[in-house]
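Given next are the chains, with one letter for each unit.
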Amino acid sequence: QVHLVESGGGLVQAGGSLRLSCTASRSIFSINAAGWYRQCPGKQRELVARISSDGSTNYADSVKGRFTISKDSAKDTVYLHMNSLKVDDTAVYYCNANIATIEDPYYGNDYWGKGTLVTVSS
């Protein structure tokens, strides 16, 4: 079983930056598509950013130009670099990834992290 381990959350002042990371808990073949989601207080979970197998990226309009998603295949890690943070960015951020393993070597299975809290203060 693969688990995604998230780190990098914490408290930051508005206008600051933070980098989240998401790493597979054991050896895998590859990370295919991956994404970061967030759940703001009182709202449903929403897509923040995603990266496809070919490296192309998509962002929610609310974070476009401020957030950057990237993937380091050698480290089996997905990152979310957040700049110019706003109070409205406060949320629990979840990593999601389609991971190819020996059990599912081609199109893989989807896995979710447990979430990491990002709090932006004014």
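This text follows the structure it describes.
My aim in this report is to walk through the structure given alongside it, one point at a time. Being a predicted model, the structure only gives us computed values, none of them experimental.

### A word on unusual backbone geometry
For step 1, the next point in the chain: Backbone geometry at D76 places phi at a positive 50°, although glycine is not the residue there.
For step 2, the next point in the chain: Structurally, D76 can be placed in the loop between β7 (67-72) and β8 (77-82).

### Overview of the nonpolar core
For step 1, the next point in the chain: Membership of the largest hydrophobic core comes to 31 residues, with the highest contact counts inside it found for W36, F67, L80, M82, Y93 and I99.
For step 2, the next point in the chain: Secondary structure elements with two or more residues in this core: β3 (18-24), β4 (30-39), β5 (46-51), β7, β8, β9 (91-100) and β11 (116-121).
For step 3, the next point in the chain: Considering each element in turn, this core owes the most residues, five residues, to β9.

### Overview of the sheet that holds β3
Two modes of strand pairing occur in sheets, parallel and antiparallel, and in both the strands are linked by backbone hydrogen bonds.
For step 1, the next point in the chain: Strand order in the open sheet formed by four strands is β1-β3-β8-β7, with antiparallel pairing between adjacent strands. In this open sheet, the two strands that pair with only one neighbour each are β1 (4-7) and β7. Across this sheet, the average inter-strand angle for adjacent strands is 15°, counted without regard to direction.

### Brief notes about the pairing of β3
For step 1, the next point in the chain: Counting buried residues in β3 gives five out of seven residues, a clear majority hidden from the surface.
For step 2, the next point in the chain: Bridge count between β1 and β3: four bridges; the pairing is antiparallel. Each residue of the ladder has a partner; that of E6, found in β3, is C22.
For step 3, the next point in the chain: Direction of pairing for β3 relative to β8: antiparallel, over a ladder of six bridges. Paired with S21 across the bridge in β8 is Y79.

### Overview of the environment of K71
For step 1, the next point in the chain: On the secondary structure map, K71 appears in strand β7.
For step 2, the next point in the chain: Along the chain, K71 and N109 lie 38 residues apart, while their C-alpha atoms are 17 Å from each other.
For step 3, the next point in the chain: Setting aside residues no more than four positions away along its own chain, K71 makes contact with I31, N32, I51, S52, S53, T77 and V78.
For step 4, the next point in the chain: Only 3.0 Å separates the side chain of K71 from the backbone oxygen of I31, close enough to count as a polar contact.
For step 5, the next point in the chain: Within polar-contact distance, the side chain of K71 engages the backbone oxygen of N32 at 3.1 Å.

### Remarks on the pattern of salt bridges
For step 1, the next point in the chain: Counting across every chain of the model gives five salt bridges.
For step 2, the next point in the chain: Salt-bridge contacts for D61 lead to K64; the nearest nitrogen and oxygen are separated by 3.3 Å. Accessibility classification places D61 together with K64 in one group, the exposed group.
For step 3, the next point in the chain: Through salt bridges with shared partners, one network takes in R38, E46, R66 and D89.

### Details of the state of the cysteines
For step 1, the next point in the chain: Applying the stated criterion across every chain, the model contains one disulfide.
For step 2, the next point in the chain: The disulfide that involves C22 links it to C95, with 2.1 Å between the sulfurs. Residues C22 and C95 are joined by a disulfide whose S-S torsion is about -80°; by sign, that bridge is left-handed. Highlighted residues: C22 in strand β3 and C95 in strand β9, separated in sequence by 73 residues. Note on accessibility: C22 and C95 belong to one class, buried.

Calculation criteria
Residues numbered from 1 in each chain as written. Predicted model: local features only at pLDDT ≥ 70, side-chain atom pairs only at ≥ 80, totals over all residues. Heavy atoms only, no water. Helix = DSSP H or I, 4+ residues; strand = E, 2+ residues; numbered from the N terminus. Core = buried A, V, L, I, M, F, W, Y, C linked by side-chain atoms within 4.5 Å. Buried < 20%, exposed > 50% of the residue type's maximum accessible area, 1.4 Å probe, protein only. Pairing = 2+ DSSP bridges. Axes fitted to C-alpha atoms, helices over the stretch in contact; angles between N-to-C directions. Contact = heavy atoms within 4.5 Å. Polar contact = N/O pair within 3.5 Å; in protein donor to acceptor, adjacent residues only side chain to side chain. Salt bridge = Lys/Arg side-chain N within 4 Å of Asp/Glu carboxyl O. Disulfide = S-S within 2.5 Å.

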